[in-house]
Amino acid sequence: MKNQKIIIALDGNSSCGKSTYAKRIATEIGYAYIDTGAMYRSVTLAAMEKGLFDETEAPPIEQIEEVLKTVELNLRFNPHKQRTEIFLNGRMVEDLIRRMEVADHVSYIAAISSVRRKMVEYQRKLGEEKGVVMDGRDIGTVVFPKAELKIFLTASPEVRAIRRYKELIEKGMLVELEEVRLNLEKRDHIDSSREDSPLKQADDSIVLDNSEMTVEEQMVWFREKFDRLRTEE
Ligand code: DC
């Protein structure tokens, strides 16, 4: 496949460093980075802003679907901040969707089939031209089952909770490590046990446990896999 652009699917649990890794890979090889979790988070935010989660943890699907109809998502690269930002009906929500309140409800939203159908449609369109690094839970299994390179990233639950906690604290959010650990545990459980497109390893993915690895070490690992693919016929 020499110099042809490919699709790189990066799946794995919450907070195992997928987005940091995907961004680094994209920058290094000049690909676009697409964060599919941000899409599910944006739909969640839209539902929260309509008050659907005010009284209940599990609002009726029909109400979510009404909100879904009004949701339009766009991704744009912000050269000043050197990041891709997500726009919900024209409003930049990149920071809002990272809040714990959104994380608390997103797995419920991501388990709804009609939501997934719409998000997968967006994702396939974004990957049409290839040359993308897409991170999520079902990229290698459902969105792009023919992706040329599939990486399944994992890290121990303790390492993931600490990473996420530090990230939130650095953003100035007031959270407890235990709260973060419980949220991750709950999300892992819902994401891997839901009926539609559960988080699971694609048979042809390569597993990378980065619990004890720096990003630089992960990049060396990636380079080796990527270069090998490119020298294959
Ligand atoms: O990667 P993240 O933490 O931003 O993802 C937010 C939620 O969205 C997470 O609970 C799993 C879900 N998700 C999904 O179901 N499928 C994807 N492709 C990406 C995220």
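Just above, that's the structure.
Residues numbered from 1 in each chain as written. Predicted model: local features only at pLDDT ≥ 70, side-chain atom pairs only at ≥ 80, totals over all residues. Heavy atoms only, no water.

### Describing the sheet that holds strand 1 (residues 7–12)
Where we set the bar: Following DSSP output, two strands are said to pair if at least two bridges run between them. A run of H or I in DSSP counts as a helix once it spans at least four residues, and a run of E counts as a strand once it spans at least two, with each numbered from the N terminus. Think of each axis as a best-fit line through the C-alpha atoms, taken over the contacting stretch in the case of a helix, with angles from 0 to 180 degrees between the N-to-C directions. The criterion used for residue contact is that any of the two residues' heavy atoms lie within 4.5 Å.
The strand order 2-6-1-7-8 describes an open sheet built from 5 strands, whose pairing is parallel. Among the strands making up the open sheet, the edge pair consists of strand 2 (32–35) and strand 8 (206–209). Taken over all neighbouring pairs, the strand axes of this sheet differ in orientation by 20° on average, direction set aside. Across 5 bridges, the pairing between strand 1 and strand 6 (residues 132–136) is parallel. Bridged to Ile 8 within strand 6 is Val 133. Contacts from helix 2 (residues 36–49) reach strand 2 and strand 6 within the one sheet, and its direction differs from that of strand 2 by about 40°. Along the sheet, helix 9 (residues 215–231) contacts strand 1, strand 7 (149–154) and strand 8; its crossing angle with strand 7, the most-contacted strand, is approximately 160°.

### Some thoughts on the site of the ligand
Note the cut-off: We call a residue near a given molecule or strand whenever any one of its heavy atoms falls within 4 Å of it. Here a polar contact is recorded for every N or O atom pair within 3.5 Å, except that within protein the pair must consist of a potential hydrogen donor and a potential acceptor, and residues adjacent in sequence are included only if both atoms are side-chain atoms. Residue exposure ignores everything except the shown protein chains as possible cover, and the areas themselves are Shrake-Rupley values with a 1.4 Å probe. Asp, Glu, Lys and Arg are counted as charged, while Ala, Val, Leu, Ile, Met, Phe, Trp, Tyr, Cys and Pro are counted as nonpolar; the rest, among them Gly, fall into the polar class.
Every one of the 14 residues lining the ligand counts as a neighbour, but Arg 41, Arg 116, Asp 138, Arg 187 and Arg 194 are closest to it. Measuring from a nitrogen atom of the ligand, one finds a side-chain N or O atom of Thr 36 at 3.0 Å. Here an oxygen atom of the ligand sits 2.9 Å away from a polar atom, N or O, in the side chain of Arg 187. The protein chains hide 95% of the 450 Å² of surface that the ligand would expose on its own. Sorting the residues of the shell around the ligand by element identifies helix 2, helix 4 (100–110) and helix 8 (177–193) as the ones contributing at least two each. Per element, the largest residue contribution to the shell around the ligand is 4 residues, and it comes from helix 2. Residues belonging to the shell around the ligand are distributed by class as follows: 3 nonpolar, 4 polar and 7 charged.

### Section: the pattern of salt bridges
Spelled out, the test is: By salt bridge we mean one thing: a side-chain nitrogen of Lys or Arg within 4 Å of a carboxyl oxygen of Asp or Glu. For the exposure calls, accessible area comes from a 1.4 Å probe over protein chains only, and a residue counts as buried if that area is under 20% of its type's maximum, exposed if over 50%, partly exposed in between.
By the definition in use, this model includes 24 salt bridges. Between Asp 95 and Arg 83 there is a salt bridge, with its nearest N and O atoms 3.2 Å apart. Placement of Asp 95 in the loop between strand 5 (91–92) and helix 4 and of Arg 83 in strand 4 (residues 83–88) is noted, with a sequence separation of 12 residues between them. Exposure remark for Arg 83: the relative accessible area of 21% places this residue in the partly exposed category. Via salt bridges that share partners, Arg 24, Glu 28, Glu 216, Arg 223 and Asp 227 belong to a single interconnected network.

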